[in-house]
Structures are given as structure tokens and as C-alpha cells.
Amino acid sequence: MFGKIQVSGKVFWTGANDRRKALFENIWPLPEGVAYNSYLLLDEKTALVDTVDFCAGKSFLETVGEYLNGKTLDYLIINHIEPDHSGEVAALLKTYPEVKIVGNVHTKKIFEAYFGAVPNFVDAGKGETIDLGEHRLSFIMTPWIHWPETMMTYDATSKILFSGDAFGSFKAFNGGVFDDEVNPDDYRDEILRYYSNIVGKYSGMVRKAIEKLSGTEIRCICPTHGLIWRADPQRIIDMYDGYSRYEAEEGVVVIFASMYGNTENVADYIARKIAENGVKNIKVHDVSKTHVSYLIRDVWKYRGVVLGSCAYNSEMFPLMEQLCRELEHAGVKNRKLGIFGTFSWSGGGVKNLLKFAENIQWEQVADAVEFKGMPSLEDCARCDAMALAMAQQVIDR
Ligand code: FEO
């Protein structure tokens, strides 16, 4: 597809671009595709780090075979066994039945569940190192980024870190594969959408992994998805570091659920008032129109969050409920919150958003604004106060 891609010396990229899959994990939209990165070390001994998704693997074995050019594959290192990286494991085992499988005790259990008994298993969790000739590999256990077995592989010779899902992103390659071949800013939104929806729940484990890596010289980061960071690996480490600390930018995301337009009108009103108070980065989203993964991304991105829901069968609107549940699961911290919504004839929207606020422990910048149908002048004045308080809390000073 791309021809030979040399990461460094004897290290090659053997991954795949995927623009066909509509939903990652059958839930997260992929409008810009995704890449599954696999890497081959062609030393005296040979080692493959992860494979690719089954649906993207048509030419995978062929590519690996061409690189090996008659040599056998000595090691298959499984940094992460989720099927988007282990899709070609069964086919690989058929072609190279003597290959040693490198993982840890959790990898072994999951491997057995997916593929049956593990032939020639090397337990990397016991401080094992592998000498390929010139390249010497060691293994760093980084559980829960993003499954229990996830680990990283470090090559002491090239100083490359094969990091698994950590430091990855959505978005297929558009020609450029390395950070110095693209404008990395073009990847920012999809890096954050990937982080916030796939890895974000495990931010505590991301923090531990970054601490574990702190004394390691890293010249290049090779994740399982997205750009290879060889020019500025610290850039993606810093991004993940900030995300895992729930650091946020100056700005506000306003998310509303509205059946007949009253809650939507008030969302626009509040957004306008926040803008009048000097906030330049404001995003307004309709939960019924924008996939929850983008809403979660923007909640991760901005310091201020305003949520509005109409009443729906005495509850909040179902899609707003889904968003709130996901945010609670993700455990996003330190956001400033505003709440509003219509009472209609029974309430439910604001009442349940207040429960959400209590559960997630975000600071409310002002009292929630609930109105019956159309907002009154008094309701608007309370929205003004919320917008002013929000602006005061989120603007960098
Ligand atoms: Fe890319 Fe957790 O799999």
C-alpha cells in the first residue's frame, strides 16, 4: 500500500490504514478512518510487534513475508491483544508455527480465550529481555491502557518505545506517517477524541505509565494507532499527560437536548451571553445531532460545561442521560458547570442534571435555571448571571 516504511535502521512499519470501518469498537464513528500500526524488527532474530485488525489485514501476511524474505519470524510481541491488533494472530500462527508469543500472564489468559492454547509462550511480565542481535527489547507493564494485559516494548538500541494504545489517535494516515511529515495540529482533535473515549477512563493508569517512563530515553514513540512520533515524542507524551490530569483550555461547551426548540433557544441565548462576557472558544452541540464521542471530547477540552435538557417522561432527555452516564464513567474532573432546562409539565431534566452534578462533583457556577416552556424575563436574567459567572471562571487571567 505505502511501499517500505522504515521507522529506523532495522525497524519497519507493517500496519494498515482503514477508511472502510464506520464505527471503531462498533460504537465510535471514524469519519477520518483509523490506522492499525504493527512493527517488524529485522535483526539476526526477527520480531513483530502486534498485528492489525482482521478487516484491514488482507495484505498483512504478504507484507510481513516480503520483509522477512525467507527468514522465519522468531517472536510475536503482543503489547495489546484487543482484536484491532490481534486480528492476524491466527493467520500468523499458521504461517509461522514456531513463533514465540511474548506477552504477560493476562495476555496468556485472553489469548487462550480467543485463540486456544498459547504455543511457545514467553512471559514478559517477569522482567524478561529479548536479544535480537543488535536490538535488545525490554517490557514495561502498563495495565489498563487500555485492557488489563496492555504493556509496552522498549528497544534499548534505537530508543524506540512501542507504546500500544497509549499515545495513539483516530485518523488514518493521509500520506504522512511520521510527526515530521504532517502538521501534527491537524491530528489534535482526533487524538483527543480517541483519548477521551477510549483511554480516558483509565487516566489514573496513564499517569502511572508516564511516571514509569520518566527515566527512559525515548527517541521515537510507535503507538498502535496514529502518527509515529520521531521528531518530537515529548509532544504526544505532554498531550497525554495533560489529558490524564484533566487539564482544560479556556472555553465553554454548551450541550443541549431539546424536542421543540425552547431548550435550544436558551442554549443559544446562554452561549451568546458567555461570548458577550469575553469567552472566544464556545461550542454549542445538540445531543440529538452530534455523536456522544464528540461531546465527550469537547467536555475534555474545555474548562466550562453548560448542560441543558428538556423534561422527557419525567427524566432528562435519553441522549443527555447517555452523555452524563459516559462522563461519570470516565470520571472527568475539575470542570465548571452550568445547568438549565425546561420543566414542561412534570420536570425531570434539570432535576436529574443536578443529580449528575452531585455525582461528578463539578462546581456549579450559578444556580440552575429551570423554566416552564418559554423562558420569562426573570429566567433570562438568571441565564445572564450564569453566563457571567461561567465567563469569570473559565477565562485565563
Ligand atoms: Fe487499539 Fe485497545 O485497541
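Conventions we followed
- Residues numbered from 1 in each chain as written.
- Predicted model: local features only at pLDDT ≥ 70, side-chain atom pairs only at ≥ 80, totals over all residues.
- Heavy atoms only, no water.
- Pairing = 2+ DSSP bridges.
- Helix = DSSP H or I, 4+ residues; strand = E, 2+ residues; numbered from the N terminus.
- Contact = heavy atoms within 4.5 Å.
- Axes fitted to C-alpha atoms, helices over the stretch in contact; angles between N-to-C directions.
- Buried < 20%, exposed > 50% of the residue type's maximum accessible area, 1.4 Å probe, protein only.
- Right-handed = clockwise from strand over helix to strand, strands pointing away.
- Expected span 1.5 Å × (residues − 1).
- Arc of directions from axis to C-beta.

Novice: Sorry if this is basic, but what is going on with the sheet that holds strand β15 (residues 160–164) here?
Specialist: What holds strands together in a sheet is hydrogen bonding between their backbones, with the strands either parallel or antiparallel. If you trace the five strands from one edge of the open sheet to the other, you get β12-β13-β14-β15-β16, paired in mixed fashion. Both edges of this open sheet fall to β12 (130–131) and β16 (220–223), since each of them pairs with a single strand only. In terms of strand pairing, strand β13 (residues 136–141) meets strand β14 (residues 151–155) through five bridges, oriented antiparallel. If you follow Phe139 over to β14, its bridge partner there is Thr153. In this fold helix α6 (residues 203–213) packs onto β13, β14 and β15, with an angle of close to 145 degrees to the strand it touches most, β13.

Novice: It is not clear to me how the pairing of strand β8 (residues 46–49) should be interpreted in this structure. Could you clarify?
Specialist: Side-chain direction in a regular strand flips from residue to residue, so the side chains alternate between the two faces of the sheet. Residues Thr46 and Leu48 line one face of β8 and the alternating positions Ala47 and Val49 line the opposite face, and both faces are buried. Across four bridges, strand β7 (residues 39–42) lies against β8 in antiparallel orientation. Along β8, the bridge assignment pairs Leu42 with Thr46. Between the end of β7 and the start of β8, which pair antiparallel, lie three residues. One ladder, built from three bridges, connects β8 with strand β9 (residues 75–77); its direction is parallel. By the bridge assignment, Val49 is partnered in β9 with Ile77. Following the backbone out of β8, through helix α1 (residues 60–68) and into the adjacent parallel β9, one traces a crossover that is right-handed.

Novice: Sorry, what's going on with helix α11 (residues 349–360) here?
Specialist: Each turn of an α-helix holds 3.6 residues, which means side chains three or four residues apart point in the same direction. Taking 1.5 Å per residue, twelve residues should reach 16 Å; α11 reaches 17 Å between its end C-alpha atoms and fits that length. Buried within α11 are the following residues: Gly349, Val350, Asn352, Leu353, Phe356, Ala357 and Ile360. Projected down its long axis, α11 shows its buried positions confined to an angular sector of 165 degrees, all on one face. Exposed residues lying more than 90 degrees from the buried face of α11 are Glu358 and Asn359.

Note that all results are geometric; they support no functional claim without further evidence.
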